[in-house]
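The residues making up each chain are set out below.
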Amino acid sequence: MNDDMKAILQKYPKMNDMIALKEIFWTNNHCKTFDEEAGRLSVDSEDIKDASDRLKRFAPYLAKVFPETAKDGGIIESPLRDIPDMKQEMSRYFSSEIKGRVMLKCDNELKISGSIKARGGIYEILKHAEDLAIKNGFLSYDDNYEKLADDKMKKFFSKYAIAVGSTGNLGLSIGIMSAKLGFKVTVHMSADAKQWKKDLLRSKGVEVVEYESDYSKAVEEGRKLSDLDPMSYFVDDENSVNLFMGYAVAALRLEKQLKEKGINVSAETPLFVYLPCGVGGGPGGVAFGLKTVFKENVHFFFAEPTHSPCMTMGCMTSTHDKYSVQDFGIDNITSADGLAVGRASGFVGKTLENLVSGCYTVTDENLFRLLYMMSEQERIYLETSALAGVAGIYRMFTDKEGHEYLKSAKLEGREDSVVHLAWATGGSMVPSEIMKEYCETGKKLI
Ligand SMILES: *Cc1c(COP(=O)(O)O)cnc(C)c1O
C-alpha cells in the first residue's frame, strides 16, 4: 500500500470495516442542491428529453420485432408496486419498525432482457443504429422506424460490429438487441457471468468470449480487440454518456407512475430511492434523471455487496476510479454478479459526488435472505443483485447513519410521509431451477 492509500485508511475509518467485509453505511456530508451542481455537469435534462424522444421513434420498430413489447406500444417500461408484506416481514426480521410507504420498481420485469440493462444497453444500440442509418441515407428522423426491420437494413447493419465487456446482464441486453438489428456482436464476459447467460446469448447468434478474470479485464480486452476493427463499435460501460441517458429516461416514466398512484413527490412527501450499483451507469443514470425531475425532494443511495464496494469507496474517499477494491485487498467475489465490479465509473462518480445521499454495503447472506423473503411475501423473484436496493429500506431504520440522515433531512417525527423505493434491477430471465436454488439458499440462512 502506498502513502496515499495509507492516508485514505487514516482519514476514512469506515475503509477498515470495508476491508474487513463488514456492512457499512456512509452518508454524504458535502451534498449540494441540484441547481448548484447543474452548471458543473456535462449532461442536463435536455439530453434526457432527447433520449426519451429517440425511444419513442423506435417504439414501432420494437413493437414489431419484439412482439412482447407490442402491448405497451414498443415502450419498454416496468411496473411500480407496493410491497406491504415485505415491509412488515423486514420490520419483524430486522427488529426495527420501517415507517413510510414501501415500494418496488420492478425492472426485473422489463421486456427483452429482464434487467435494468434493458434501459441503457438497448438505448445505446438503438442510438448507434440510428446514427449509422441516418448517416448512410437509409433513414430520416420522421420515418416510421419499422423499416429498420427490413432485410435490406439487416444486411446493411451486418457490415458493422458491436462489442461490449460485461458481468452478464449488459451483455444480454446489448447482445440480444444488436443481433436483432443484424449487427455482428461480441460479448466479453467476466468470470462472474452465469453460464445460463452465456448459453442464452450463444443461442441468439452472439459470440461470447470468456475470461477467467473480473469485469475490468473483460472490458479492457474487449475494447482492445474492438479498436482494431474500424467497423466495430465498443459500448463503454465505464464512460458511456449514451448508456447513462438511456437509464435516465426511467425518471420521466417514474414521475408519471408515482402520480398514477397518488404520490406527488414534494418536501412533504419525499422520495428515497435505493439503487444496486455495479460500475454505476445504471443506478447513476436513473439517479441523475430523478434529480432533474424532483431536485431536493429525492434522496438516493447506492447499494453494493460487501465484497465489491467500489462506488462506496470512490464516493466516500472522493478518489472515484483511481483505485479498485482489489487494491485494498477486497476480493470482488460475490454471488451478486450484476454488481461484481472492482472499479467504479469515474464519469458517474464525479457527476454525482455532490448529489448522492449515501452508499451502503450488504453481505451476500443478507441478499439471499431478502431474496427468499421477497419470494415468500410478495411472490416476486429477483436475482441476488436486485436485493441490494431492498436492504436500504430497513437499513435507514437499523443503522445509526440512517437515523441521522432522516434527522438531518428534518424528517424526524415525519417518517411516515417518506416513500421508500427500492430499484429491483433484475430477475425474470433467471431459469426457474436456478431461482429455486437461490430461494433455498436464502431459506437456510433465515
Ligand atoms: C448491471 C446491474 C446493476 C448495476 O448497474 P451498473 O450500471 O453496473 O452500476 C444492478 N443490478 C443488476 C441486476 C445489474 O445487472
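Remember, predicted model here, so these are calculated numbers, not experimental data. The written sequence of each chain sets the order in which its residues are numbered from 1. Restriction of local features to residues with pLDDT of at least 70 applies here, the model being predicted, together with a cutoff of 80 or more for giving and counting side-chain atom pairs; totals for whole chains, interfaces and linings are based on all residues. The side-chain numbers reported here are obtained from all heavy atoms of the structure, hydrogens and water having been left aside.

Could you give me a rundown of the site of the ligand, with the residues and numbers involved?
Residues are classed as near a molecule or strand on a simple rule: at least one heavy atom within 4 Å of it. The local shell around the ligand holds 15 residues, among which Lys117, Asn169, Gly280, Gly282 and Thr425 are the closest. Two N or O atoms form a polar contact when they lie within 3.5 Å of each other; inside protein one atom must be a possible hydrogen donor and the other a possible acceptor, and for residues adjacent in sequence the pair counts only when both atoms belong to side chains. Between the ligand and the protein, one listed contact pairs an oxygen atom with a side-chain N or O atom of Lys117 at 2.7 Å. Within the contact set of the ligand, an oxygen atom lies 2.7 Å away from a backbone nitrogen or oxygen of Gly278. Coverage of the ligand by the protein chains reaches 98% of its 380 Å² of free accessible surface. Where accessible areas are quoted, they stem from the Shrake-Rupley method and a 1.4 Å probe; at the residue level, only the protein chains shown are allowed to cover.

Now, about the sheet that holds strand 4 (residues 161-166): what can you tell me, with residues and values included?
DSSP bridges decide pairing: two strands pair if at least two such bridges lie between them. Secondary structure is summarised from DSSP: a helix means a run of H or I of at least four residues, a strand means a run of E of at least two, and numbering begins at the N terminus for each. Reading across the sheet, the 4 strands line up as 6-5-4-7 and stay open at both edges, with parallel pairing between neighbours. Looking at which strands have only one partner, the edges of the open sheet turn out to be strand 6 (207-210) and strand 7 (232-235). Each strand of the sheet is rotated relative to its neighbour by a mean of 20 degrees, with strand direction disregarded. The strands touched by helix 8 (residues 169-181) are strand 4, strand 5 (184-189) and strand 7; relative to strand 4, the strand with the most contacts, the crossing angle is about 165 degrees. Contacting strand 5 and strand 6, helix 9 (residues 195-203) runs over the sheet at an angle of about 150 degrees to strand 6. With axes taken as lines fitted to C-alpha atoms, and helix axes fitted only over the stretch in contact, angles between N-to-C directions fall between 0 and 180 degrees. Contacts between residues were defined by any pair of non-hydrogen atoms, one from each residue, lying within 4.5 Å.

Could you give an account of the domain arrangement of the chain, with specific residues and numbers?
What the domain assignment lists for the chain is domain 1 (3-43 + 69-113 + 242-445) and domain 2 (116-239). On a C-alpha basis, the centroid separation for the pair domain 1 and domain 2 is 26 Å. Of the roughly 2,800 Å² buried where domain 1 meets domain 2, counting both sides, 59% is carbon and sulfur surface. Salt-bridge detection follows one rule: a side-chain nitrogen of Lys or Arg within 4 Å of a carboxyl oxygen of Asp or Glu. Between domain 1 and domain 2 we count 4 salt bridges in total. Residue Arg119 pairs with Asp107 through a salt bridge whose shortest N-O separation is 2.6 Å. The interface formed by domain 1 and domain 2 holds 12 residue pairs in polar contact (both at pLDDT 80 or more) in total. Those domain boundaries reflect an automatic or database domain assignment. Put simply, buried area is the surface a 1.4 Å probe can reach on two separate parts but cannot reach once they are joined, added for both.

Give a description of the environment of Ala424 that names residues and reports values.
Along the chain, the position of Ala424 falls in strand 11 (residues 419-424). Summary of the burial criterion: residues with accessible area below 20% of their type's maximum are buried, those above 50% are exposed, and those between are partly exposed, where the area comes from a 1.4 Å probe applied to protein chains only. Looking at Ala424, the relative accessible area reads 0%, which means it is buried. In the structure, Ala424 is positioned 162 residues away from Gly262 in sequence and 21 Å away in space, judged by C-alpha atoms. Not counting residues up to four positions away in its chain, the partners in contact with Ala424 are Leu104, Lys105, Cys106, Asp107, Asn108, Leu382 and Ala386.

Could you give an account of the sheet that holds strand 11, naming the residues involved and the relevant values?
Across the sheet, 7 strands lie side by side as 1-10-9-8-11-3-2; this open sheet has mixed pairing. In this open sheet, the two strands that pair with only one neighbour each are strand 1 (25-27) and strand 2 (80-82). Here the strands of the sheet are splayed against their neighbours by 20 degrees on average, with no regard to which way each runs. Relative to strand 9 (residues 298-305), strand 8 (residues 271-276) runs parallel, the two sharing 6 bridges.

Describe unusual backbone geometry, and please don't skip the residues or the numbers.
Of note in this structure, Leu21 is not a glycine but carries a positive phi near 65 degrees. Within the secondary structure, Leu21 is located in the loop between helix 2 (14-19) and strand 1.

Talk me through the packing of aromatic side chains; I want residue IDs and the actual numbers.
For any two aromatic rings, the description comes down to two numbers: the centre-to-centre distance and the angle of the planes. Aromatic rings from Phe, Tyr and Trp, with only the six-membered ring used for Trp, were paired whenever their centres fell within 6.5 Å, and each pair was classed as stacked if the ring planes differed by under 30 degrees, edge-to-face if by over 60, and tilted otherwise. Applying the stated criterion across every chain yields a total of 20 aromatic pairs. An angle of 90 degrees between the planes, with centres 4.8 Å apart, marks the rings of Phe58 and Tyr145 as edge-to-face. Residue Phe58 is found in helix 4 (residues 45-65), and its partner Tyr145 is found in the loop between helix 6 (117-135) and helix 7 (151-157); the two are separated by 87 residues along the sequence. Ring centres of Phe157 and Phe183 lie 4.9 Å apart, and the angle between their planes is 45 degrees; this geometry places the pair in the tilted category. Here Phe157, found in helix 7, pairs with Phe183, found in the loop between helix 8 and strand 5; they are 26 residues apart in sequence, far enough to count as distant. A connected cluster of aromatic rings, assembled from ring pairs, spans Phe25, Phe272, Tyr274, Phe301, Tyr360 and Tyr405. The ring of Phe66 carries the charged tip of Lys180 above its face, separated from the ring centre by 5.1 Å. Note on geometry: a ring has a charge over it if NZ (lysine) or CZ (arginine) is within 6 Å of the ring centre and within 35 degrees of the ring normal.

Requested: an account of the nonpolar core, with residues and values cited.
The criterion is simple. A nonpolar core is a set of buried Ala, Val, Leu, Ile, Met, Phe, Trp, Tyr and Cys residues joined through side-chain atoms within 4.5 Å. Membership of the largest hydrophobic core comes to 153 residues, with the highest contact counts inside it found for Tyr61, Met90, Phe157, Leu271, Leu370 and Trp423. Ranked by residue count, the leading element in this core is helix 11 (residues 241-260), at 10 residues. Counting residues domain by domain, this core receives three or more from each of domain 1 (3-43 + 69-113 + 242-445) and domain 2 (116-239). Once you skip the residues sitting within four places of it in the chain, Tyr61 turns out to touch Leu126, Tyr145, Glu146, Leu148, Ala149, Met177, Lys180 and Leu181.

Explain helix 17 (residues 400-408) residue by residue, including any values.
All of the buried residues along helix 17 are Glu401, Gly402, Tyr405 and Leu406. The arc enclosing the buried residues of helix 17, seen along the axis, measures out at 140 degrees, which places them on a common side. Pointing more than 90 degrees away from the buried face of helix 17 are the exposed residues Lys400, Lys407 and Ser408. Buried residues belonging to helix 17 abut helix 2, strand 1, strand 8, strand 9 and helix 16 (387-398). Downstream of helix 17 by a residue or two, Lys410 has a phi angle that is positive, lying close to 60 degrees. For this quantity, the arc is that covered by the directions from the helix axis to the C-beta atoms.

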